[in-house]
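# Examining the three-dimensional arrangement
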Amino acid sequence: MESKTNPVSTPAPILAIAPVITHGNPELPEVALTFDDGPSQFTIQVLAILQQFGVKATFFSIGQNIATYPAYLLQGIEGENAVENHTFTHPHLITLSYSAIYQELSETQNAIFHATGTRPTLFRPPYGEYNANVLATAGQLGLTILTWSASAEDWENPQPSASVIASRILSAAENGAIFLLHEGGGNRANTVAALPVIITGLQSRGLRLVTIPQMLANLDK
Ligand code: ZN
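Residues numbered from 1 in each chain as written. Predicted model: local features only at pLDDT ≥ 70, side-chain atom pairs only at ≥ 80, totals over all residues. Heavy atoms only, no water.

### Section: the coordination of the zinc ion
Around the zinc ion, the protein contributes the donor atoms D37 (OD), H86 (NE2) and H90 (NE2), which lie 2.0 to 2.1 Å from the metal centre. Considered as a linear motif, the donors of the zinc ion on their single chain read D-x48-H-x3-H. Of this pair, D37 sits in strand β1 (residues 30–38) while H86 sits in the loop between β3 (82–85) and α5 (98–116), placing them 49 residues apart in sequence. Overall, D37 belongs to the buried group, its relative accessible area being 10%. Looking at H86, the relative accessible area reads 1%, which means it is buried. (Donors = N, O, S within 2.8 Å, 3.2 Å for Na, K, Ca; no water. Helix = DSSP H or I, 4+ residues; strand = E, 2+ residues; numbered from the N terminus. Buried < 20%, exposed > 50% of the residue type's maximum accessible area, 1.4 Å probe, protein only.)

### What to know about the pattern of salt bridges
Counting across every chain of the model gives three salt bridges. The partner of R208 in a salt bridge is E30, with the nearest N and O atoms 3.2 Å apart. Of this pair, R208 sits in strand β8 (residues 208–209) while E30 sits in strand β1, and the two are 178 residues apart along the sequence. On the basis of relative accessibility, which here comes to 4%, the residue E30 falls in the buried class. R168 is the partner of E156 in a salt bridge, and the nearest nitrogen-oxygen pair spans 3.3 Å. One end of the pair, E156, is in the loop between β6 (150–151) and α7 (162–170); the other, R168, is in helix α7, with 12 residues separating them in the sequence. The exposure class assigned to E156 is partly exposed, which follows from its relative accessible area of 27%. Assessed through its relative accessible area of 28%, R168 is described here as partly exposed. (Salt bridge = Lys/Arg side-chain N within 4 Å of Asp/Glu carboxyl O.)

### Quick look at the environment of L181
Relative to the assigned elements, L181 resides in strand β7 (residues 178–182). Given the relative accessible area of 0%, L181 is considered buried. Sequence separation of L181 and V192 is 11 residues, and the distance between their C-alpha atoms is 9.8 Å. Filtering out sequence-adjacent residues up to four positions away, L181 remains in contact with L33, T34, F35, D36, A152, D154, I165, I169, T191 and I198. (Contact = heavy atoms within 4.5 Å.)

### Notes on the packing of helix α2 (residues 43–53) against helix α4 (residues 70–78)
The N-to-C vectors of α2 and α4 enclose an angle of 15 degrees; their axes lie 10 Å apart at closest approach. One element, α2, and the other, α4, form an angle in the roughly parallel class. The chirality of how α2 crosses α4 is left-handed. Contacts between α2 and α4 involve T43, I44 and L47 from the first element and Y72, Q75 and G76 from the second. Classifying every residue of the contact of α2 with α4 by side-chain character gives three nonpolar, three polar and no charged. (Axes fitted to C-alpha atoms, helices over the stretch in contact; angles between N-to-C directions. Parallel < 35°, antiparallel > 145°, perpendicular 65-115°, else oblique. Left-handed = near helix turned anticlockwise from the far one by under 90°. Nonpolar A, V, L, I, M, F, W, Y, C, P; charged D, E, K, R; others polar.)

### Side note on unusual backbone geometry
At the junction of G38 and P39, the peptide bond is cis and its omega measures out at -5 degrees in the coordinates. For P39, the position within the fold is in the loop between β1 and α2. Each neighbour pair has its own omega, and for N157 with P158 the value is 0 degrees, a cis peptide bond. Even without being a glycine, H90 presents a positive backbone phi close to 60 degrees. Along the polypeptide, H90 turns up in the loop between β3 and α5. One non-glycine residue, E153, lies in positive phi territory at about 50 degrees. As for its position among the elements, E153 is in the loop between β6 and α7. According to the relative accessible area criterion, E153 is partly exposed, its value standing at 27%.

Given below as structure tokens:
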């Protein structure tokens, strides 16, 4: 696992030394699709496409959405996808106190565990924003923090076309890439429509689609 050394004192020195994951093993032809901000009314469609192509992905779910769509979350787990922590209310964590950050993460751990029987091991901070308190909280809860190596920017409003979303992903395809997509937070019809093109495009480049836990297990191989 890559880790960096903090060279000088800065207002948030822990940032530079924490093992925040942005990428898998560059030596292995593996990539990971990740879907943030669900579960939502689009989750079922995303899961169906993954199943159709026989691939797995990682879902960073928002705690407050889980009560509305618990079945989708469970279905994702049963499909051997990874369902992980993306806070309870999707706040800008760096504006919150330590105790508020802890509440955001721990309530989501509990919500996912209650819905699925599986406790997350990964945490992705909303907007990719973190500070020393976020890192400390994640550590306290046994959560590995990760962001991404490439984004589809499919959260843009109006949403980019399916072909634009697919080309943003495929143009960033490389060993170990972690792709950020969204299944919640708005109309994700174009993301869903882009998925078959994304999956077949990645596979045609010889890349295997794996979950983030699978990718992290291969980090040092
Ligand atoms: Zn998000």
